[in-house]
Amino acid sequence: MDLQLKGKCALITGSSSGIGEGIAKALAQEGVTVVVHGRNETQASRVVQEIVANGGEAFIAIGDLATDTGAEQVVDKALSTLGAVDILVNNAGAYFLRDWMNSTPSQWIELYNINVVSMVRITLLLVPQMRELGWGRIINMSSSVAIQPMSAPDYSATKAANLNLTVSLAKELAGTGITVNAVSPGAIVTPGLNGIMLQIGSAQGWGTDLEQIQQHMLQGMMSNPTDRLGTVEDVAHLVTFVSSPLAGYINGANLRVDGGWVAKIN
Ligand SMILES: NC(=O)c1ccc[n+]([C@@H]2O[C@H](COP(=O)([O-])OP(=O)(O)OC[C@H]3O[C@@H](n4cnc5c(N)ncnc54)[C@H](OP(=O)(O)O)[C@@H]3O)[C@@H](O)[C@H]2O)c1
């Protein structure tokens, strides 16, 4: 299938690691020129180098999206490098292992800023030029825990907010040629999730062997009908399709990629 993505330009926030890295690589393989973003310049440069070595076209933008100036810096760099951004993947995000009674109001505010307001900042800066293009794709990274909350209540609430703002933005942009969708991964093996699993493994007395901890998680809280944890490619393939012109009738949707972990019809 020709996804008709050749020649498009994309900014993938939080692509210096994990799911975002997988998305940047998958889009680049389809002929999309990508801007790889993160705060860690060494990691972002590594991803750019790997994409270029594989025949793709990639550039770097560094900035902390939890601040207005950081977001402006990233968008300025993306637009001056690419000319225009056709595809925005709002993927950057953080998660911490804390339960209800151990999370403080300031931690809730801080995480809401990182996981929700960061998306708002980048979206507000990029939508005007997408309107001028008369075409665009905005994909917001949510999570299974948005509709199936677990521990980390502050994180789950930010991901529920992502679903909500996805729908209101899709309505706001009606008739512009820009679609807005959310993607909700289940448990995806990434450096970020591995860090959390090591903390859980140590608290549960499962040792420090990641593969063994993953097996425990798969038999317990992350058990799903597909019987494995997800890969960054599982998410990247879905995002690549939703980014394409072929996905023009998918709009305002929450697309789950969780192996069936969320026990709901949709
Ligand atoms: N892994 C999962 O199981 C899973 C499941 C559902 C949803 N998600 C969501 O998927 C997204 C990526 O998760 P991941 O597991 O791939 O995490 P990861 O490996 O920890 O990567 C997170 C990325 O976000 C960037 N980032 C974090 N805070 C940032 C900030 N303030 N400003 C700019 N960049 C920032 C990081 O950049 P630097 O390190 O360079 O700063 C990094 O590139 C997140 O939104 C997460 O909530 C993950």
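Residues numbered from 1 in each chain as written. Predicted model: local features only at pLDDT ≥ 70, side-chain atom pairs only at ≥ 80, totals over all residues. Heavy atoms only, no water.

When two helices pack together, their arrangement is given by the angle between the helix axes and by the axis-to-axis distance. One can describe the packing of helix H1 (residues 18-29) onto helix H2 (residues 41-53) by two numbers: an axis separation of 10 Å at closest approach and a directional angle of 25°. The angle between H1 and H2 places the two elements in the roughly parallel class. Where H1 crosses over H2, the two elements pack in a sense that is right-handed. When H1 is examined against H2, the residues Glu21, Ala24, Lys25 and Ala28 are found in contact with a partner set consisting of Arg46, Val47, Glu50 and Ile51. (Axes fitted to C-alpha atoms, helices over the stretch in contact; angles between N-to-C directions. Helix = DSSP H or I, 4+ residues; strand = E, 2+ residues; numbered from the N terminus. Parallel < 35°, antiparallel > 145°, perpendicular 65-115°, else oblique. Left-handed = near helix turned anticlockwise from the far one by under 90°. Contact = heavy atoms within 4.5 Å.)

With 29 residues, helix H4 (residues 105-133) should cover 42 Å at 1.5 Å per step; its first-to-last C-alpha distance of 41 Å lies within 8% of that length. Buried within H4 are the following residues: Leu111, Asn115, Val116, Ser118, Met119, Arg121, Ile122, Thr123, Leu126, Val127, Gln129 and Met130. Two residues or fewer past H4, Gly134 is found with a positive phi of approximately 75°. (Expected span 1.5 Å × (residues − 1). Buried < 20%, exposed > 50% of the residue type's maximum accessible area, 1.4 Å probe, protein only.)

As a further point, take the site of the ligand. Taken together, 30 residues sit near the ligand, with Ser16, Arg39, Tyr95, Tyr155 and Thr190 positioned nearest. At 2.7 Å, a side-chain N or O of Ser16 approaches an oxygen atom of the ligand. Lys159 is positioned with one of its side-chain polar atoms (N or O) 3.0 Å from an oxygen atom of the ligand. Secondary-structure elements contributing two or more residues to the shell around the ligand are H1, strand S2 (33-38), helix H5 (153-172) and helix H6 (191-204). (Near = heavy atom within 4 Å. Polar contact = N/O pair within 3.5 Å; in protein donor to acceptor, adjacent residues only side chain to side chain.)

Let us now look at the packing of aromatic side chains. Counted according to the given criterion, the structure contains 2 aromatic pairs. Arranged with centres 5.1 Å apart and planes meeting at 40°, the rings of Trp100 and Trp108 form a pair that is tilted. A cation over an aromatic ring shows up here: Lys8 above the ring of Trp135, its NZ or CZ 3.9 Å from the ring centre. (Phe/Tyr/Trp six-rings, centres within 6.5 Å; stacked < 30°, edge-to-face > 60°. Lys NZ or Arg CZ within 6 Å of the ring centre and 35° of its normal.)

Now for the pairing of strand S7 (residues 254-257). The alternating pattern of S7 places Leu255 and Val257 on a buried face and Asn254 and Arg256 on a face that is not buried. Relative to S7, strand S6 (residues 178-185) runs parallel, the two being bridged by 4 bridges. Considered in S7, the bridge of Val183 is made with Leu255. (Pairing = 2+ DSSP bridges.)

Every α-helix winds through 3.6 residues per turn, so residues three or four apart in the chain are directed the same way. Spanning 14 residues, H6 covers 20 Å between terminal C-alpha atoms, matching the ideal 20 Å at 1.5 Å per step. Every buried residue of H6 is accounted for by Leu193, Asn194, Ile196, Met197, Ile200 and Gly201. Mapping the buried residues of H6 onto a view down its axis gives an arc of 160°, with all of them on the same face. Turned more than 90 degrees away from the buried face of H6 sit Pro191, Ser202 and Ala203, all of them exposed. Buried residues along H6 sit against helix H7 (210-219). Phi for Gly205, located one or two positions after H6, is positive at around 75°. (Arc of directions from axis to C-beta.)

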